[in-house]
Amino acid sequence: MRRRSRRTARGFQEPTPLSADPVLNECRVFVESLGLPRVGSVRELRGYIEELIGEPIIIGPGQPTSKDTPCGMVIRRGGVNYIFYDPDTSEAHQDHIIAHEYAHLLKGHRITMAAQKPDGDTDDEDAVILGDVDDELMSIILGRSDYNDDIEREAEGIGSFLQAYVISSRPAPQSESADRITRTLMRRGD
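**Thoughts on the sheet that holds strand E5 (residues 80–85)**
Inference 1: The strand order E3-E5-E4 describes an open sheet built from 3 strands, whose pairing is mixed. Strand pairing shows two members of the sheet lacking a second neighbour, strand E3 (57–61) and strand E4 (72–77), which therefore form its edges. Between one strand axis and the next, the sheet turns by 20° as a mean value, whatever way the strands run.
Inference 2: Running at roughly 135° to E3, helix H2 (residues 46–53) makes contact with E3 and E5 of the sheet.
Inference 3: Of the strands in this sheet, E3, E4 and E5 are in contact with helix H3 (residues 91–107), which crosses E5 at around 150°.

Written as C-alpha cells, this is what we have:
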C-alpha cells in the first residue's frame, strides 16, 4: 500500500495516517522511530531491543495456557527480562506474542509488586515471581483476554507493527534460476 503525503507549511511531507485510530497511528510512528535493523524474524530483534532498553532479555516457552490465562508474559527478575510464550501455539503466534512483550518492554510498561524475601524484606527491583502471589490475584494482574485496556491495546498495536516491519524488511527470496544467473555473472568477473 502506498502512503500519500501532505505538505506542511514548511514544505516537509508528512505521511498521511493509515488508520482513523490515533492509537494505531502513534504505534506505527513509534515503531518507525526505533531505527530497527533488517532482520529475518521477530526473535532476531532481541539484541537490538536489549540495547534500546539497556537490559538483557531471555525468551523461552512458558506453561501451556488455557482460555483464561495469558498466552505470553514478561517477568523482570534480577535485572533480566524473561519473555514467556505458549509452546502449544504456532510459531507465527509465538512470534506475535514475543513482539507484544517487546512492546511492553520498549514502552516501559511495568506491573511492579515487591516480592517478599524469606527474611520479610521486599525487593522492589524485581517483578513478581509467580509463586509469590495467589492464583486469583495473578489472573487479575496478568489476564489479557480483553484488549480494551489502553496498555494492552498499545502493546498489541506496537507488536503488530514490529511484525509488519520484520516481514517488509526481509530480503526477497531469490529463485533458483536467479541464483544461477548471479553465480554465472560472478564467475565471469573473476
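Resuming the write-up.
**Considering the nonpolar core**
Inference 1: Leu45, Tyr102, Ile158 and Leu162 are the most contacted members of the largest nonpolar core, which totals 23 residues.
Inference 2: Mapped onto this core, the elements with two or more residues apiece are helix H1 (22–33), E5, H3 and helix H5 (150–169).
Inference 3: Counting residues per element, this core draws most heavily on H3, at 7 residues.
Inference 4: Ignoring any residue separated from it by four or fewer positions in sequence, one finds Tyr102 in contact with Val42, Arg43, Leu45, Arg46, Ile49, Ile57, Ile59, Ile83 and Leu162.

**Quick notes on H5**
Inference 1: With 20 residues, H5 should reach 28 Å at 1.5 Å per residue; the first-to-last C-alpha distance of 28 Å fits that figure.
Inference 2: All of the buried residues in H5 are Glu152, Glu154, Ala155, Gly157, Ile158, Gly159, Leu162, Gln163, Val166 and Ser169.
Inference 3: Packed against the buried residues of H5 are H1 and H3.

**Focus: the confidence of the model for the chain**
Inference 1: For the chain, the mean per-residue pLDDT works out to 74, and 58% of the residues sit at or above 70.
Inference 2: When mean pLDDT is taken per element in the chain, H2 scores highest with 97 and strand E1 (residues 5–7) scores lowest with 42.
Inference 3: With pLDDT under 50 throughout, residues 126–148 is counted as low confidence; its partners more than four residues away or in other chains account for 39 contacts.

**Notes on the environment of Thr65**
Inference 1: In this fold, Thr65 is placed in the loop between E3 and E4.
Inference 2: Its relative accessible area of 27% is what places Thr65 among the partly exposed residues.
Inference 3: For Thr65 and Tyr85, which are 20 residues apart along the polypeptide, the C-alpha to C-alpha distance reads 9.0 Å.
Inference 4: If sequence neighbours within four positions are ignored, Thr65 has contacts with Pro70, Cys71 and Asp86.

**Quick look at the pattern of salt bridges**
Inference 1: Inspection of every chain in the model, using the stated rule, returns 6 salt bridges.
Inference 2: With a shortest N-O distance of 2.3 Å, Asp21 and Arg153 are connected by a salt bridge. A residue pair is termed long-range when its members are at least 10 positions apart, and Asp21 in the loop between strand E2 (13–15) and H1 and Arg153 in helix H5 qualify at 132 residues.
Inference 3: Across the salt bridge formed by Arg28 and Glu32, the nearest N and O atoms sit 3.3 Å from each other. Of the two residues, Arg28 and Glu32 both sit in helix H1, 4 residues apart, roughly one turn of that helix.

**Some remarks on the packing of H3 against H5**
Inference 1: Where H3 meets H5, the axes come as close as 7 Å, and the angle between the chain directions of the two elements is 120°. The angle between H3 and H5 places the two elements in the oblique class. Both H3 and H5 take part in a crossing whose hand is right-handed. Note on element contacts: H5 touches H3 through Ile151, Glu152, Glu154, Ala155, Glu156, Ile158, Gly159, Ser160, Leu162 and Gln163, opposite Ala92, Asp95, His96, Ala99, His100, Tyr102, Ala103, His104, Leu106 and Lys107.
Inference 2: Taken together, the residues of the contact of H3 with H5 break down into 9 nonpolar, 6 polar and 5 charged.

**Thoughts on the pairing of E4**
Successive side chains on a regular strand alternate, one facing one side of the sheet and the next facing the other.
Inference 1: When E4 meets E5, the two strands line up antiparallel, connected through 6 bridges. Within the sheet, the bridge partner assigned to Arg77 lies in E5 and is Val80.

The rules behind the values
- Residues numbered from 1 in each chain as written.
- Predicted model: local features only at pLDDT ≥ 70, side-chain atom pairs only at ≥ 80, totals over all residues.
- Heavy atoms only, no water.
- Pairing = 2+ DSSP bridges.
- Helix = DSSP H or I, 4+ residues; strand = E, 2+ residues; numbered from the N terminus.
- Axes fitted to C-alpha atoms, helices over the stretch in contact; angles between N-to-C directions.
- Contact = heavy atoms within 4.5 Å.
- Core = buried A, V, L, I, M, F, W, Y, C linked by side-chain atoms within 4.5 Å.
- Buried < 20%, exposed > 50% of the residue type's maximum accessible area, 1.4 Å probe, protein only.
- Expected span 1.5 Å × (residues − 1).
- pLDDT = per-residue confidence, 0-100.
- Salt bridge = Lys/Arg side-chain N within 4 Å of Asp/Glu carboxyl O.
- Parallel < 35°, antiparallel > 145°, perpendicular 65-115°, else oblique.
- Left-handed = near helix turned anticlockwise from the far one by under 90°.
- Nonpolar A, V, L, I, M, F, W, Y, C, P; charged D, E, K, R; others polar.

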